[in-house]
Amino acid sequence: MTIKSVLRMGDAQLLNIAEPVVHFGTEELRCLLADMRDTMQALNGVGLAAPQIGVPLRVVIFSVQANTRYPDAEVISETVLINPVITLLDDLRNEDWEGCLSLPGLRGRVARHTHIRYQGFDEQGIAIDRIVSGFHARVVQHECDHLDGILYPLRITDLRQFGFGKELFPDSNINDD
Ligand code: NI
């Protein structure tokens, strides 16, 4: 399909509340997901939300293979998650660095819930229901935030821990994206 350009922070479309998907298994949805997959892979991202390519629907994808942006990250098989619902399983949180394809080159330290359950549907409308923790839980929370118009800098409590990856981590070979 097509590698789309990713909207960057400052674009008002990223602040909107996305709409639920009503019809599953459609050609429209298949094309959207193909574009999202191609775009995410081309930019070496771990996740992408439909609003980031200008489509205001509650659709996210994520996939963690061996990834140079997150060399220590656990592997997460590719997941299409539509109309997601997150349930917090306890009050535990952990902090870690995040990046986002809508803020190229930047990194920020964000507290996320450690243990979550997420539910939703795949592109065929088949239910997904998983209990996850750590990095997997972080990715899901980051992507689902996009559906509510929330970019990760809005979650940073100490803005001294926000900046350009190359400056924050001068010894790493972090990508400039
Ligand atoms: Ni993002």
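Calculation criteria
- Residues numbered from 1 in each chain as written.
- Predicted model: local features only at pLDDT ≥ 70, side-chain atom pairs only at ≥ 80, totals over all residues.
- Heavy atoms only, no water.
- Helix = DSSP H or I, 4+ residues; strand = E, 2+ residues; numbered from the N terminus.
- Rg over C-alpha atoms; globule rule 2.2 N^0.38 Å.
- Donors = N, O, S within 2.8 Å, 3.2 Å for Na, K, Ca; no water.
- Buried < 20%, exposed > 50% of the residue type's maximum accessible area, 1.4 Å probe, protein only.

**Here's the deal with the overall build of the chain**
Inference 1: Counting its regular elements, the chain contains three helices and eight strands.
Inference 2: Element order for the chain, N to C, with α for helix and β for strand: α-β-β-β-β-β-β-β-α-β-α.
Inference 3: Here the C-alpha atoms of the chain give a radius of gyration of 15 Å, agreeing with the 16 Å that 2.2 N^0.38 yields for 177 residues.
Inference 4: Projected onto its principal axes, the C-alpha positions of the chain cover 45 × 40 × 30 Å.

**Considerations on the coordination of the nickel ion**
Inference 1: Those protein atoms acting as donors to the nickel ion are Cys100 (SG), His142 (NE2) and His146 (NE2), and they sit at 2.1 to 2.3 Å.
Inference 2: Read in sequence order, the donor residues for the nickel ion give the motif C-x41-H-x3-H. Separated by 42 residues along the polypeptide, Cys100 in the loop between β4 (93-98) and β5 (106-113) and His142 in helix α2 (residues 134-147) bring together distant segments of the chain.
Inference 3: The buried category is assigned to Cys100, whose relative accessible area is 3%.

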